[in-house]
Amino acid sequence: DESLSSTQRTVELFWADLRQHKEHLAEPWTVAMMAGQCGLGVTQFIHLTKKLTNMTPVQYLTQGRLEMAGKILKELPGRSVLDVALDCGFSSSQYFANLFHRQFGCTPRDYRRNSGI
């Protein structure tokens, strides 16, 4: 079905763009906003995201934010953990630290320290 492949491609491109641009990751996205950005309904957007990533949109967004945070922690050693959290779209440093620890198995500070910085 050509329309399905084009909508799936739209979702692929949306996620690729979002993950490549830190400023886009930091926006206060909702699933409805993401779906609207793709010109899709929420249900179809969730379905296609799960099909492409095996995650919900919120899970995939959070993973992208955490990966970006890890990169920033390594590359900008002078940046505070709070600023990194805010830069990546997290509203609280504690929430960020909890998610980060769950994803990487250590605190953001330990991650930075173990990265040779």
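Above this text you will find the structure in question.
A brief look at the structure comes next.

Analysis parameters
Throughout this description, residue numbers start from 1 for each chain and increase along the sequence as written. Only residues with pLDDT of 70 or above have their local features reported here, since the model is predicted, and side-chain atom pairs are shown and tallied only from 80 upward, although totals for entire chains, interfaces and linings are computed over all residues. Heavy atoms from the whole structure form the basis of all side-chain values; hydrogens and water molecules are not counted. By the criteria applied, helices consist of DSSP H or I runs no shorter than four residues and strands consist of E runs no shorter than two, each listed in order from the N terminus. Categorising residues by exposure relies on relative accessible area from a 1.4 Å probe, with only protein chains included: less than 20% of the type maximum marks a residue as buried, more than 50% marks it as exposed, and the intermediate range marks it as partly exposed. We call two residues contacting when some pair of their heavy atoms lies within 4.5 Å. Where accessible areas are quoted, they stem from the Shrake-Rupley method and a 1.4 Å probe; at the residue level, only the protein chains shown are allowed to cover. Only four residue types enter the tally: Lys and Arg on the positive side, Asp and Glu on the negative side; His and the chain ends are excluded. Positions of charges follow a simple convention, taking NZ of Lys, CZ of Arg, CG of Asp or CD of Glu.

### Some thoughts on the overall build of the protein
Counting its regular elements, the protein contains eight helices and zero strands. Along the longest, intermediate and shortest principal axes, the C-alpha atoms of the protein span 50 × 20 × 20 Å. The 117 residues of the protein split such that 37% are buried. Look at the contacts in the protein between residues 6 or more apart in sequence, and 61% of them connect residues 24 or more apart. Of the roughly 6,800 Å² of accessible surface on the protein, a fraction of 50% belongs to carbon and sulfur atoms. Computed over 13 positive and 11 negative side-chain charges, the separation of the two mean positions in the protein equals 8 Å.

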